[in-house]
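# Commentary on secondary and tertiary structure
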Amino acid sequence: MAANMKVKERVAKKQTLCGALMLIEALKAENVKVIFGYPGGAVLPIYDKLYESGVFHVLTRHEQGAIHAAEGYARISGKPGVVIATSGPGATNIVTGLTDAMMDSIPLVVFTGQVASSVIGSDAFQEADVLGITMPITKHSYQVRDVHELPKIIKEAFHIATTGRPGPVLIDIPKDMAVAEAEFDYEQDVQLPGYQPTTKPNHLQIRKLVEAVSQAKRPVILAGAGVLHANAHEQLKQYAEQQHIPVIHTLLGLGGFPADHPLFLGMAGMHGTYTANMALYECDLLINVGARFDDRVTGNLAHFAPKATVAHIDIDPAEIGKNVPTKIPIVGDAKEALIQLIEQNGKRPDVSEWLKQLNEWKREYPLMYKREPGVLKPQRLIEMIHEYTNGEAVVTTDVGQHQMWVAQYYKFKQPHRWVTSGGLGTMGFGLPAAIGAQLAQPEATVVSIVGDGGFQMTLQELSVIQELNLPIKIVIVNNQALGMVRQWQEIFYEKRYSHSLIPNQPDFVRLAEAYGMKAMRATTEEEAEYVLKEALATNAPVLLDFHVCPGENVYPMVAPGKGLHEMVGVKW
Amino acid sequence: MKRIITMTVNNRPGVLNRITGLFTKRHYNIESITVGHTESEGISRMTFVVNVEDERIAEQITKQLNKQIDVLKVVDITDQAIIVRELALIKVAVTPATRGEIYTLIEPFRAAIVDVARDSLVVQVTGEPEKIDALIDLLKPYGLKEVARTGTTAFPRGSQRASSTNKSLFII
Ligand SMILES: Cc1ncc(C[n+]2csc(CCOP(=O)(O)OP(=O)(O)O)c2C)c(N)n1
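Residues numbered from 1 in each chain as written. Chains lettered and ligands numbered in written order. Predicted model: local features only at pLDDT ≥ 70, side-chain atom pairs only at ≥ 80, totals over all residues. Heavy atoms only, no water.

## Observations regarding the UniProt feature "domain: ACT" (unreviewed entry) in chain B
- According to UniProt, the positions carrying the feature "domain: ACT" (unreviewed entry) are residues 4–79 of chain B.
- Taken end to end, residues 4–79 of chain B is 32% helix and 39% strand, and its two terminal C-alpha atoms sit 9 Å from one another. (UniProt positions renumbered as here; feature names shortened; annotations may be inferred. Helix = DSSP H or I, 4+ residues; strand = E, 2+ residues; numbered from the N terminus.)

Structure, rendered in structure tokens:
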């Protein structure tokens, strides 16, 4: 608060500042609590001013770590994650994270250094065409060409990143721009005539949906991450209960609707529940709230929701009709739309037959795995974590089998507890994302569940976790393989395990100890129970290496090219 | 199907790049682009001709373009009453024997000779792209040395019938 006042005073005076100080003052004005970054020549003027700025900066050990941490921060706090990287190699190291944030609609403001304006285009030392490289993977981007424009650019960047459909915005700052001085005026209004997201849904379209619902016999809601971005979880529940409509989640939407609710059917898609997928196949009205009909959710589009009238609520008009023909398009904020739907209080559909059918499927075809004595089943491991954290932990994952098991067996009851890379499927995401998540919610129990493969892509960030003493529990689901690749090779490539088996993983316990971190290993259910309880009782980082049954596969499964109704592995 | 899409955009560095990049990323094929200043300072106008499979993709293109922050307005004008023009410069080989023939040949096209050399002529023609195609076809037998076309530029006529196919962005 005091810092804010100070900014206001200074702003009132319209001080002359250098670009680097403008950046810092703008961050304070935007109420940014933490930034993630890595220094280098092109951003040295900025780092020099950071030194005494009081801005909390986390030095990750790789720029990829910085941007994934910022994503984790944004996904949990709902506020934009802020990143600084230097020119050239620093900037190219954030490309994966930018793409990840773009695909999953995560608000980020990313500052990259650039060589001095005078040498741009000369292939100068550490020069890269960052704007060109990142254009397709950012919501918008800028290169500062005149320091007078910097305050306006930063203000616009925060506005664009956080409004409409959120996304990453990049600001490329040539080194001379960080040093050059101009008047700092941050009180100006953002004026972007070409950017006017529609948040209020069209009333007529809402009425059409109300009418469609009243006549439906087998309605279902498919809820995506848009529900979470819009903070519409309460309204989703209220609406589903009011109209008696069952709810299905996408991978990224998990937590938007309580997993223990009787109307919840589970996750849809490639590794979704039988009930969710069959409901999508059999429904006569599909209400998509903030999901983008990703192919991992729809399976073969030719067989997707073949009997349904499709309604789609989305803040991004381009998503509506992109993959699935839509009868009732509703452009707007998910919360606004759901509030209007609730207020309309339309005639409830008669869904008794439908719910009976769904409950029968739930009973007949639950998620399942075989427990074996002496062996630690990964599914059981996730169930235990769920149990010991009361289903309330913040969970981050990497990508692979373990990610799907968490999605299936960690029953999220609340929103903003689930951090995973959905659209891009980025291995190495889980560990750095946990850093951001823990900083966003210092009081939360943060569990980072990673594969033995993905963990090794960003494991250097253990150093940050230890240094900041973030009490993250790192769970390695160690199957001595690139598990999901191994599974596909088993099923689709006649068990020809080409470069997917890694029987000689490093000793992860000793590795963690080298970073000064407490670590334990477990190979049976009993051991797992013991180390988990111990770790969760510790208020410090702990790494847990779980040697799980290596041949375990994720089921049920919709093979690529198949329809959702063609799942395999639903019965013993 | 061929669609003609016009846009007004902020005249900022990289805007064209951003837009053509969008087409590449989504696998839309551009037949032609023209860009130039408008009557308002800082604002440029682009005309795209794209060949797409169906309505759905045409709609997707306008929606994606409209998402760009620097794009102020996108209109698919294909189904409106529009003026469509292209300019071409055609360098054609001549001999003393064919020179006169070519003069009479281009006359109905209201084309002009803008350069004369001993063994070639440069013909300038404006009009709808089909007209230009036709002239090029006619001149081909004489031997084309070089052809430069500007690509299509277009906008709606002044007295526009109120047209239901005038989709500004979102169809409600
Ligand atoms: C950066 C990156 N490279 C490659 C892949 C392809 N890929 C998807 S899952 C997977 C295996 C992951 O193995 P592991 O991290 O051990 O997790 P598991 O599947 O065993 O749980 C691979 C290689 C990816 N998603 N991301």
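There's plenty left to go through after this.
## Focus on the nonpolar core
All names here are of chain A.
- In terms of nonpolar packing, the biggest core is built from 97 residues, with Ile 221, Leu 286, Ile 287, Leu 381 and Phe 546 touching the most fellow members.
- It is helix α13 (residues 274–282) that contributes the most residues to this core, six residues altogether.
- Here Leu 286 is in contact with Val 220, Leu 222, Leu 280, Phe 293, Phe 304, Ala 305, Ala 308, Thr 309, Val 310 and Ala 311, once residues within four sequence places are set aside.
- Among the nonpolar cores identified, the runner-up in size contains 51 residues, and Ala 128, Ile 137, Phe 455 and Leu 462 belong to it. (Core = buried A, V, L, I, M, F, W, Y, C linked by side-chain atoms within 4.5 Å. Buried < 20%, exposed > 50% of the residue type's maximum accessible area, 1.4 Å probe, protein only. Contact = heavy atoms within 4.5 Å.)

## Side note on the packing of helix α4 (residues 63–77) of chain A against helix α6 (residues 95–103) of chain A
Residue and element names in this part refer to chain A.
- Where α4 contacts α6, the axes come no closer than 8 Å and their chain directions differ by 20 degrees. Viewed along their axes, α4 and α6 adopt a mutual orientation that is roughly parallel. Between α4 and α6, the contacting residues are Gln 64, Ile 67, His 68, Glu 71 and Arg 75 on the first element and Thr 96, Gly 97, Leu 98, Asp 100 and Ala 101 on the second.
- Residues belonging to the contact of α4 with α6 are distributed by class as follows: three nonpolar, four polar and three charged. (Axes fitted to C-alpha atoms, helices over the stretch in contact; angles between N-to-C directions. Parallel < 35°, antiparallel > 145°, perpendicular 65-115°, else oblique. Nonpolar A, V, L, I, M, F, W, Y, C, P; charged D, E, K, R; others polar.)

## Some remarks on the interface of chain B and chain A
- Tallying the contact residues gives 21 residues for chain B and 23 residues for chain A.
- Interface of chain B and chain A: buried area, both sides summed, is about 1800 Å²; carbon and sulfur atoms make up 58% of it.
- Among the salt bridges present, the one from Lys 67 of chain B reaches Asp 316 of chain A, with a minimum N-O distance of 2.6 Å.
- Along the contact surface separating chain B from chain A lie six residue pairs in polar contact (both at pLDDT 80 or more).
- Of all the elements in the fold, those that place two or more residues in the side of chain B that touches chain A are α1 (15–25), α2 (55–67) and β4 (71–76) of chain B.
- The biggest single contributor to the side of chain B that touches chain A is α2 of chain B, with six residues.
- In terms of residue class, the side of chain B that touches chain A is made up of seven nonpolar, six polar and eight charged. (Buried area = accessible area lost by both parts, 1.4 Å probe. Salt bridge = Lys/Arg side-chain N within 4 Å of Asp/Glu carboxyl O. Polar contact = N/O pair within 3.5 Å; in protein donor to acceptor, adjacent residues only side chain to side chain.)

## Observations concerning a nonpolar patch on the surface
All names here are of chain A.
- A cluster of nonpolar side chains, Ile 491, Phe 492 and Tyr 493, forms an exposed patch at the surface whose accessible area comes to about 280 Å².
- On the secondary structure map, Tyr 493 appears in the loop between α22 (483–492) and α23 (508–514).
- We classify Tyr 493 as exposed; its relative accessible area is 52%. (Patch = residues over 30% accessible without salt bridge, like charges linked within 9 Å, V, L, I, M, F, W, Y side chains within 5 Å. Areas by Shrake-Rupley, 256 points an atom, 1.4 Å probe, with all protein chains shown as cover.)

## Quick look at the sheet that holds strand β4 (residues 81–85) of chain A
Residue and element names in this part refer to chain A.
- Taken together, six strands build an open sheet; the order of strands is β3-β2-β4-β5-β7-β6 and the sheet is parallel. Of all the strands in the sheet, just β3 (57–59) and β6 (140–143) have a single pairing partner and so form its edges. Sheet twist, expressed as the mean angle between neighbouring strand axes with direction ignored, is 20 degrees.
- Pairing geometry for strand β2 (residues 35–37) and β4, over three bridges, is parallel. Bridging from a neighbouring strand, Phe 36 pairs with Val 83 of β4.
- Helix α8 (residues 150–162) contacts β4, β5 (108–114), β6 and β7 (168–174) of the sheet and is inclined by roughly 160 degrees relative to β7. (Pairing = 2+ DSSP bridges.)

## Describing the confidence of the model for chain B
All names here are of chain B.
- On average, residues of chain B score 90 in pLDDT, and 92% of them reach the 70 mark or higher.
- In the predicted structure, residues 162–172 sits below a pLDDT of 50 and forms 22 contacts with residues beyond four places in sequence or in another chain.
- This complex was scored by the predictor with a pTM of 0.94 and an ipTM of 0.89. (pLDDT = per-residue confidence, 0-100.)

## Considering the pattern of salt bridges
All names here are of chain A.
- Applying the stated criterion to the full structure yields 33 salt bridges over all chains.
- Between Lys 533 and Glu 529 there is a salt bridge; the shortest N-O distance is 3.4 Å. In this pair, Lys 533 and Glu 529 are both assigned in helix α24 (residues 525–536), four residues apart and thus about one turn of the helix distant.
- Judged by relative accessible area, Lys 533 falls into the partly exposed class, the value being 42%.

## Considering unusual backbone geometry
Residue and element names in this part refer to chain A.
- Cis peptide bonds are those with omega within 30 degrees of zero, and the linkage from Tyr 555 to Pro 556 qualifies with 0 degrees.
- When you line up the elements, Pro 556 lands in the segment after β20 (542–547).
- With a phi angle near 65 degrees, His 244 is a residue other than glycine that sits in the positive phi range.
- Assignment of secondary structure puts His 244 in the loop between α12 (233–243) and β10 (247–249).
- Take His 244: its relative accessible area is 30%, and that puts it in the partly exposed class.

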